[in-house]
Each structure stands twice: as structure tokens, then as C-alpha cells.
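# A look at the structure
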Amino acid sequence: MKINFSFLPTILNGDLHQLQKDNAIENIYIDSRNIVTNPKNLFIAINGERHNGHHFIDELYNKGIQNFIIDQDISLQNYPKANFFKAYNSVEALQALAGHKRKGFKGKLISITGSNGKTIVKEWLGKLIESVYAVYRSPRSYNSQVGVPLSLWHLNNYQDYAIIEAGISKMGEMEKLEAIIKPELGIYTNLGTAHDEGFPSLEEKAHQKALLFKDATTIIFCKDFPEISNALHNLPKLEEKEFIGWSFEDNTSNYFVETEERGNGTAIRIPFDDQFHIFYVPFQDYASLENITHCLLLLLHEGLPIKIIQNTLNDIRPLNMRLETKKGKNNTYLVDDSYNNDLVGLDTALQFFVQQKQYKKRILILSDLLETGLSSEVLYKQLAERMASENLSLIIGIGNDITLLENHYDGELIFFKDTASFLEYEKDHPFQEAVILIKGARKFGFESIVQRLEQKIHGTVLEIDLNKITHNLNHYRARLKPNVKTMVMVKAFAYGSSSHEIANWLEFQNVDYLAVAYADEGVVLRQHGIKLPIMVMNPDPRSFELLHQYDLEPELYSQEVFKDYASYTRNQKKQFKIHLKLDTGMHRLGFETYEIDHLKSLLKQNPQLKVTSVFSHLAGSDEALHNGFSAQQAMSFKKSADEIIDAIGYKPILHLLNSPGISRFPDYQFDMVRLGIGLYGVDPTGLHSGQLKSVSTLKTVISQVKNIKKGETIGYSRMGIAHEEMKTATISIGYADGFNRKFSKGVGKVMINGKLAPVIGNVCMDMTMVDVTNIECRAGDEVIVFGENPHISDMAESIGTIPYEILTNISERVKRVFYTE
């Protein structure tokens, strides 16, 4: 199913502009940051909302990429060794390429759509089918207008089945996906509120999603969603379709599914072909039962043996469908990804791995790759070729077949027959100062490796969703005028989220500047490989040497600090970048208006100081009642900045707006804005209700559940009183973790199993007791301290503070876990 570059004009709308070497295209990339250097790889330059891929062609060509699809004019003479095809539209070209690949696929294609559960159904279905057949499934949540074609590109004819997700967010998108997916079998999971804003009604959303199955022959869906049933029965060619509409509620349905809790799992009774089949699954929640029922009905339709289905079901577990970065022992970082271990899933994990720059030493722990459909020799030859571009310090292979890697890979390798052997080796050979990617098939039990290598901190965890950081960053970027830069504040441990991990992600997202409060924070970022320019807001003369050593740029805010830094830099043979802070009304730090003339003199006397930016800070941008004062500040800032520009003879970057200022004052953007708390999903202005996403979720666990008799007391000073018989849960978080004592005596509430539980008595140092009288729970259950609900803004309001304080007070002993879906 290879496609040569010269063949593109027969598939795509456009023209072949330059052909130097007719390469067979191996992999397709649309993100210049993730591309693997290989002369047979293809880069498709897309002009998106925020980035134009054509701007990165020069960089990629210099790296060795030779195949490009473009839809804008470029100077071909700059790229004499490259192939160029100019399409009418790059996204349509990507889709057409994928559609051509799909036409050549001889296996069965299953496609899944719906509001929730698509990825879980895809992964579970793949796991169940691969016990009998070779199966390909699209990586992670690749279900968009570009994600679907990137998924389809990896179809090959050694695969018996392919499972492809499809998601849409607005009208007209599904027709484009249906045209290239062309599923034979379909699953329509459910219908919820996600992306409601893109459709005029719930019924229309149901209809648009149903268009995926226009030409499908068999469609599985839950009749308990009437909008789905109606939409499917309005499709064309009904006489050619088989509908398997099942129900948990309608006992008259041909596919009435019954469930019964058994131990920690559930027995599911499914009628099919005049027989009843009973399966046992190891979970009880409704969403999981709905998802697995879709899978089971498809497997029954395809005739998979019942015994094999049940045996595989025993290994099905709720999936952690995300790449997580965790702190490991001995100054290591772990990238934990064991939910998919085919070549495409590995490639996705490696793209995330390459973004981790905490340490230069990079280690991959990898098990045998199972059920790929390739012969072992071909598989590990392909794997070696992929690894050759990754600059890995060491690959640790676990299993029997992975030893074939040494026939093709020149880097350092260590092999173990099983996970236990590796763990025994690790006792005497601990890793230090390294980033470690852990990726293995479930049968190898790699969770024991993660547990061994992970830094042991108590059960309270702050989870940070990197995708939501990207969403919030792009939300604010969309409000900026062209060419306005973005500086992101990562001071105070990145608002409690851990600065270098956040900075690393922001660098990948191409922000322009970072800012920290103190030089020590900037040093940590540099030591973890951050290359972005960094402004230090509170420089101290004792830190000037560090500023110089680590290429950090100080904010100079007073005559004293200016003179100290000028004295330090005067006899050194280079220019030093500085940022000038003006006080226009905040009255915290900065040169005041009456000092500007003296500041101009100081600048003329010290030509070794290069003014990179001039800025000020709005005092009341959070609230509309201060808009007039903010306007006065902007006018004062512009006047003083113009005087400084006239004095130095060049124009530095000007910036005034913080997060609320970006929301409220588009006319004051100048050359750059400073994004702080807004990045983390907190909107101080209230202008973006529902548009920002809560980035952080603080979680803990229940340590113990107690039954308390009427009249007994709970906690220190006996502040909690049982007025009736009650049940309490002791949770593993206290004020030493950042859970403020002001949350005592019912002020604070946490979420347990979908219900709010108020604090009873006083918050202790390491523990807190909550009232769970009306909540079914037990020791080990998860507790949400804040996230989507309770929201951090509501928590802050309940104790009369601001979200900044809640975030920055989270103790460093609370483990941070960073993840991306």
C-alpha cells in the first residue's frame, strides 16, 4: 500500500511543482515538532488558526526532510533536493491521501462515534479482537479532521480489522470523515452535551454524527438514547442496514441487556441469535457497562468464540488513556504509558517523550510488542529504524522476541526475560538523573516497574492536564492582535503546578517568554533544559552572577537596583538584556513618572545594558469598576515608554496586560501580554465563563471510614459533634498539604463518589474528617478536593481568599502528575 511522491497528482487536487527523488512515502506529519528525520517522511504544511506550517519548511529541510505538500507559494530554489506538491488545500490533501489508503485496505473497518466513551470502546474492542485477529486501532483520541486521516494512513493489509474513532464539533464535518473512513461496522456510543455549541439542537447533533454510518451495513447503538435511534433510522438505504439497538431499560427490546452485581464485578446477560450469553466483567459503573456492552455485541456479531471473549474479558480494566509524567526516585522523571503497545502507539509516546527535557539521559523500557500482525524480524527491524532517530541513552527490552532488536540497533541495549528479572537487576543498578519512558503490554505487569521507580509520596496528588493548559493558552492567544507576543508567568512553582514541567510544555507550545519571581527559579528551568528567554522579576545583587551564568534577564525597577546591576556589568565585554518596570499606579515596584528623566540618564551612561522590554502592571484589571483607572495607567505607561524609546534610540517590547487585562482591554496589548492565572483555568474577570478549562485536580484518598454514635465528638478540641448517628471518612490531606484550616467545621467540602462531603471538626495537619453519612464509600476511594467540582474559585470564595492563594499553598510534598490524552 505504498504511495510514491510522483503518484500524488493522480490522487490529489493540485500540481507537482518539484520532483528530485521519487520517494515512497512512509509516514505523514503535520506538526514540525514531532517529525522524525527520514528522507521518506512527508510533511504537510497546514495554515492553521495559530500556526502556519509553511513557516517551518526551512527548518525541516535543513533537518533532512525532503517531501512536502503545500498550499501556499514558496521559493523552490531554496530547496533544491526536495519534492514539492502544491495542493488546493492541505487539509483536503491529507484527507484524500488517507482516503486512498483506505480504499486499498482489505480488512474490515469498524468506526466509532458518539459523545463519550469512543476511545475506551476502541481500546477494549481492540484488546478483545486481537485475541483472535490482527487488529489496528487509531492512536489515542485521533478523531478529528486531521486526526482521522493520520490514523488511516497506518492501515496495512496484514491487519484483519481496523478500528477508527470519529469525532466532530460542528455542522458539516462528519461528511468529510465518512468519505474517507467508509466503515462497514459502526458503534454509536451515546449522546451528551459535549460540543453542543456547534449544533442548533441535540437532534441535529445526533443526525450529524449518524452520517458516519451512511453506507455501513451493521450499526450497534443503545436505544435508551431516542435521538440516536431516530437519527439512525433516518439514514438512507435502511433496507441494506442491520441495526443492533440494545437497551438496559426496555425489556421488550430484542436486545434487552440485563446486569447483576457479583462481588466486585458484574454479570451481563445479552441475547443474540436466539441465545442468551452471560459474561462477567470486572467493574460495576454504568459508563463501563455501557461501553463493554457495545463491544460484546459487535464481537457476537462477528462470531468470536465465547470462551475466548470471556478469557480476554478477565484482563479488561478501566483504562488510563493518557501519557503521564511523574517524579521518580534519584532525580528521575517517568513517562508512564502502558495502555497501548503497538508501533503507532509507541510513536505517539515517543513524540511526548522527546518533549521531556529534564535530563539529557534518556531511557526506554519496552516489552515485546504483541499482536502487531508483522513477523518478529520485520517488526523489530522497523522498531530499530524508529529508535535510531531518538537519541536514546539506553533501551531496556523485556521479553523473548525483543532481543531481535540487537540485530538492527547500534545503541546500548540490555535485555531481560521478564519483569521480575529486571526488578532484581534494578536493585543494584538504580537509575539517576534520567528521563524514562515505560511502555509495555499488560501481560508484562509494567505497573510494578512504575511503582518501583516512582518517588514515594503520600496518596495526595495534584494532577495537571497539559491539554487543558494548551486550550487555555490558545483561548487567550485567539484574542491577541497579529504579532503580539506572549509571556507566561511560571513563578511560585508555576502557581503550585511545578515550574519546569509547565515551562517545558509551554516551550513546546512556542510561547515567546517566561517570567519567574527569583533567580533561583530561573536556574531550575535552565538546569531542566528550558531554552526560552526568562525574565526575573525580583533580582537581588547576590544573584547577579547566576543571572549571567544562566542567561537570565533581570527586571530593573528602581534606581538602586539599576545602579547595582550597571556596576556589575560595566566592565564585561558584552551587552546584557534588561527589562524596565514602570510604576503607573500599582505602587508595588517600578520607576515612577518623576524618575523617568533620571532613568534616561542612567541608560545613556550604561550602553552595555540592552533594554529588551518596558512594562507596567495594572492594579485593578480584575474588576470593571476600575476601568477608568486602568485607562489612566495605560496612558501614563505609553507616555513614559515613548520617552524611554526616544532616549535609547530603539524600540523595545512594550507590555502592560496580565490575564484579566487580556480579557478586558484589547486596545492595550502593545507588543506582548503576560499570561498568569488564566493559563490555569481561573478567570478573575468572569468574562469567559465556561470557556476556560480547569487545569488542576487535587485528589486524595479515604484512609478510614468510621461510624460515630450520637453525642460523640470528632477531631481536635472536639470541634466536630455528632448530633445524630453518623458516618465519617478520614481523608489523607491536611493543612501541611495546603488544605487550609479555614475549611474546618463545614466550610470546606470535597467530592466523594459524585457527592459533596462537608468537613467535620477541624482540619488536622495531615488528615481531615468529612461527613459521609449519606455517601456509599470505603477506604481507598478517591476524593476530589478541587477540580471541575468543587471548583477552586468556589473554594477560595468560601474562605475569603483568591484562587492564587489556594494553588500556591499546595505543599511540595504533594506529588504532581502531568498528563496528556
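The present account deals with the structure reproduced in this document. Quick caveat, the model's predicted, so the values are computed rather than measured.

Cut-off values and rules
Residues numbered from 1 in each chain as written. Predicted model: local features only at pLDDT ≥ 70, side-chain atom pairs only at ≥ 80, totals over all residues. Heavy atoms only, no water. 1 Å grid on protein atoms, 1.4 Å probe; cavity = no way out; pocket = protein on both sides within 12 Å on 5 of 7 lines; lining within 4 Å. Points joined across faces, edges and corners; volume = space filled by probe spheres on them. Helix = DSSP H or I, 4+ residues; strand = E, 2+ residues; numbered from the N terminus. Nonpolar A, V, L, I, M, F, W, Y, C, P; charged D, E, K, R; others polar. Salt bridge = Lys/Arg side-chain N within 4 Å of Asp/Glu carboxyl O. Buried < 20%, exposed > 50% of the residue type's maximum accessible area, 1.4 Å probe, protein only. Core = buried A, V, L, I, M, F, W, Y, C linked by side-chain atoms within 4.5 Å. Contact = heavy atoms within 4.5 Å. Pairing = 2+ DSSP bridges. Axes fitted to C-alpha atoms, helices over the stretch in contact; angles between N-to-C directions. Parallel < 35°, antiparallel > 145°, perpendicular 65-115°, else oblique. Left-handed = near helix turned anticlockwise from the far one by under 90°. Lys, Arg positive; Asp, Glu negative; His and termini not counted. Polar contact = N/O pair within 3.5 Å; in protein donor to acceptor, adjacent residues only side chain to side chain.

Evaluated as defined, the whole model comprises five cavities of 30 Å³ or more. In this model, the largest cavity occupies a volume close to 60 Å³. Around the largest cavity, the lining residues are Thr325, Phe352, Gln356, Gln358, Leu466, Glu501, Asn504, Trp505 and Phe818. The element contributing the most residues to the lining of the largest cavity is helix α16 (residues 499–508), with three residues. The class makeup of the residues in the lining of the largest cavity is four nonpolar, four polar and one charged.

Applying the stated rule across the entire model yields 30 salt bridges. Between Glu165 and Lys122 there is a salt bridge, and its shortest N-O distance comes to 3.1 Å. Of this pair, Glu165 sits in strand β10 (residues 161–165) while Lys122 sits in helix α3 (residues 118–129), and the two are 43 residues apart along the sequence. The pair formed by Glu165 and Lys122 is uniform in burial state, with each residue classed as buried.

This part is about the nonpolar core. Residues Leu506, Leu514, Phe562, Leu580 and Ile752 are the most contacted members of the largest nonpolar core, which totals 118 residues. Among the elements that line this core, the one with the most residues is helix α21 (residues 627–648), at six residues. Setting aside residues no more than four positions away along its own chain, Ile752 makes contact with Ile702, Ala757, Val770, Val772, Ile775, Cys777, Glu782 and Val783. Leu109, Ile129, Val148 and Ile244 belong to the second largest nonpolar core, which has 69 residues in total.

With that settled, consider the pairing of strand β41 (residues 815–820). The buried fraction of β41 is high, at six of six residues. Because side chains alternate across β41, one face comprises the buried residues Lys815, Val817 and Tyr819, and the other comprises Arg816, Phe818 and Thr820, equally buried. Inspection of the sheet shows strand β24 (residues 461–465) paired to β41 by five bridges, in the parallel sense. Counted as the bridge partner of Asp465 is Tyr819 from β41.

Running from N to C, helix α20 (residues 596–605) and α21 point in directions that differ by 25°, and their axes come no closer than 10 Å. On the basis of the axis angle, α20 is roughly parallel to α21. For the crossing formed where α20 meets α21, the hand is right-handed. Contacts between α20 and α21 involve Ile596, Asp597, Leu599, Lys600, Leu603 and Lys604 from the first element and Ser640, Glu643, Ile644, Ala647 and Ile648 from the second.

With that out of the way, let us pick up the sheet that holds strand β17 (residues 275–281). Ordered in space as β15-β16-β17, the three strands form an open sheet in which the pairing is antiparallel. The two strands at the open ends of the sheet, each matched to only one other strand, are β15 (258–262) and β17. Neighbour-to-neighbour, the strand axes of the sheet open up by a mean angle of 20°, direction not taken into account. Where β15 meets strand β16 (residues 265–272), five bridges bridge the pair, whose relative direction is antiparallel. Considered in β16, the bridge of Glu258 is made with Arg269. Along the sheet, helix α8 (residues 286–301) contacts β15, β16 and β17; its crossing angle with β16, the most-contacted strand, is approximately 40°.

All right, on to the sheet that holds strand β4 (residues 28–29) then. With mixed pairing, the five strands of this open sheet are ordered in space as β2-β7-β6-β5-β4. This sheet does not close on itself; its edge strands, each paired only once, are β2 (14–18) and β4. Of the strand pairs in this sheet, strand β5 (residues 42–44) and strand β6 (residues 67–70) are connected by three bridges, and their pairing is parallel. Bridging from a neighbouring strand, Phe43 pairs with Phe68 of β6.

Right, let's get into the side chain of Arg674. Locating Arg674 in the fold gives a position in strand β32 (residues 672–675). Among buried charged residues, Arg674 stands out as having no salt bridge; its nearest opposite-charge side chain is Glu555, 7.7 Å away. Here His655 takes part through its side chain, which lies 3.0 Å from a polar atom of the side chain of Arg674.

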